[in-house]
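Results of the structural survey
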Amino acid sequence: MGSKFMKSLMVAVFSLFFGVFSQNTYAQETHEEHKNAEEKFDPTTSILNHVQDAYEFHFFSIGDFHASIYLPVILYSPQKGLSVFSSKRFGHNHDESYDGYKLEGGNKIVPVDEGTTVYDFSLTRNVVQTIFALAIFTIVMVKIGNKYKKGHGVVSAPSGAQGFLEPIIIFIRDNVGKANLGSRWERYMPYLLTVFFFILINAIFGMIPGAANVAGNIAFTLILGLISLVVILFSTTPHFWKHIIWPPDVPFLVKVILVPVELFGLFVIKPGALIIRLFANMVAGHIVILAFISLIFIFGEMSKVAGFGFSPFSILFVVFDYFIEILVAFIQAFIFTVLTAIFIGQGFEGSDHDVAKNDHAFL
């Protein structure tokens, strides 16, 4: 009897839910059937607009009020000369043109007249946020350095930001620098620490709602990867190039195959691993968060009941993913740094006898 009662109750509850759901959906469709299809929420477009670069920081909208920070647009055209104006001129929906230019897709400025060449030097949100993060990073590190110069943290226990960052710096020094670079670790620590904290601070800033996803931008990771490649190449020795270009004690036919593979690995695979790994992981996290948020609006278009009903679950998923993304930011900054150290160490590995000596020294 209890089992039959539960089955009947579940049937009644689901029937009532879908009845209300279908009625609300039908009423909404009949009431709004005159609306244009373009007004419907497009999750793909919305997500891509958030992860790509833009000419403004948009936080939220309430009716006709849009909480945005519009950035300066700086354009040069040989035909029109220099143009400097606010991105607000393009309108909130980017459907207005100004001074012979228009904004396509929210992230590309094109001339209205055909045959006009334009060079874009605008301060986009990726550029502005990178400069802002770099300024904060520099200020914090200079203050911490000045504390050490005055003896704080040397003759006394570190405090504040100094106490938070010192264990991280020691961890990078011992587990990345000394473990992979041997006696040369001190020479490369400034670069390794700069890369680690620069990636980390940009990834953390990217978690702020409305902020730019700088660490998930392919241009950002590309530049970091190319800089690391330059450091790797300048760290190589003649012994390294001898084994790359003409490996000793290897049959000739094997050399013909092995040499192109080694060169491809050095110039393409190694920087590519740094660039693509960081880009893919950081942009994927933002897409997941935005996808959970989009579910609220997707269900809301079907029915207000479904939209409000799913909202708590979506918010819980987003909060949980935010904590995961913070952890991912630390992990990806560490992986990029440790891979860079490994690739640098491979450049002078075997060129002298300090490798085996330092392996014993740092165990």
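Residues numbered from 1 in each chain as written. Predicted model: local features only at pLDDT ≥ 70, side-chain atom pairs only at ≥ 80, totals over all residues. Heavy atoms only, no water.

1. So, the packing of aromatic side chains
The full count for this structure, using the stated rule, is 13 aromatic pairs. Seen in terms of ring centroids, F85 and F90 are 5.6 Å apart; in terms of plane orientation they differ by 75 degrees. Their pairing is edge-to-face. For the pair formed by F85 and F90, the shared burial category is buried. Centre to centre, the rings of W241 and F267 are 6.4 Å apart; their planes meet at 35 degrees, and the pair counts as tilted. Separated by 26 residues along the polypeptide, W241 in helix α7 (residues 238-245) and F267 in helix α8 (residues 252-302) bring together distant segments of the chain. Members of the aromatic cluster, each reached through a chain of ring pairs, are F85, F90 and Y98. (Phe/Tyr/Trp six-rings, centres within 6.5 Å; stacked < 30°, edge-to-face > 60°. Buried < 20%, exposed > 50% of the residue type's maximum accessible area, 1.4 Å probe, protein only. Helix = DSSP H or I, 4+ residues; strand = E, 2+ residues; numbered from the N terminus.)

2. Observations regarding helix α4 (residues 161-181)
Look at α4: 28 Å from first C-alpha to last across 21 residues, which is about the 30 Å you get at 1.5 Å a residue. Approximately 30 degrees is the largest bend angle found in α4, and it occurs at R173. Listed as buried for α4 are Q162, L165, E166, I168, I172, V176, G177 and L181. G182 occupies a position one or two residues after α4 and carries a positive phi of about 60 degrees. (Expected span 1.5 Å × (residues − 1). Bend = angle between axes of the 7 residues up to and from the residue.)

3. Section: the UniProt feature "transmembrane region" (unreviewed entry) in the protein chain
Taking the UniProt record as the reference, the feature "transmembrane region" (unreviewed entry) is found at residues 127-144, 191-212, 218-240, 252-269, 275-298, 305-324 and 330-348. In this annotation, residues 275-298 is assigned 100% helix and 0% strand; the end-to-end C-alpha distance for the span is 34 Å. The span residues 330-348 shows a helical share of 100% and a strand share of 0%, and its end C-alpha atoms are spaced 28 Å apart. (UniProt positions renumbered as here; feature names shortened; annotations may be inferred.)

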